[in-house]
Amino acid sequence: MRVALICIDKEASLEIRKANREAHLAYIAATGVVEMAGPFLTETGDMAGSLVVLDVADLQAARDWAEADPYAKAGLFHSVDIREWKKVIG
């Protein structure tokens, strides 16, 4: 099942994101369930959140993945919305 994580950073948290980016990217590589991912950007081009599409067995697996993400552990996110997602194009 595909699941989209829509993660919005806390205000003024760019330094938290930068400090944990390497660990976050290593986690993505190590877990092998991320189909696509990338940051949301502000009008000035700064990273301000994440869109992550997972290929996992169920929603609980997506929740578990999200909780173990180094960004989440660092307290980066204001909110995380986890939704089943159906790929139609692409």
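Below is a summary of the structure that appears in this document. (Residues numbered from 1 in each chain as written. Predicted model: local features only at pLDDT ≥ 70, side-chain atom pairs only at ≥ 80, totals over all residues. Heavy atoms only, no water.)

This part covers helix H1 (residues 14–31). Within an α-helix, residues lying three or four positions from one another point in the same direction, as the helix has 3.6 residues per turn. Taking 1.5 Å of rise per residue, 18 residues should cover 26 Å, and H1 covers 24 Å from first to last C-alpha, within 8% of that figure. Of all the bends in H1, the greatest measures close to 50 degrees and is centred on Arg21. Within the sequence span of H1, burial applies to Arg17, His24, Tyr27 and Ile28. A positive phi of about 70 degrees marks Gly32, the residue just after H1. (Helix = DSSP H or I, 4+ residues; strand = E, 2+ residues; numbered from the N terminus. Expected span 1.5 Å × (residues − 1). Bend = angle between axes of the 7 residues up to and from the residue. Buried < 20%, exposed > 50% of the residue type's maximum accessible area, 1.4 Å probe, protein only.)

Once that is clear, we can look at the pattern of salt bridges. The final tally for this structure, using the stated rule, is 4 salt bridges. For Glu35, the salt bridge goes to Arg2, with nearest N and O atoms at 2.6 Å. One end of the pair, Glu35, is in strand E2 (residues 34–41); the other, Arg2, is in strand E1 (residues 2–9), with 33 residues separating them in the sequence. Here Glu35 falls in the partly exposed class, since its relative accessible area comes to 32%. (Salt bridge = Lys/Arg side-chain N within 4 Å of Asp/Glu carboxyl O.)

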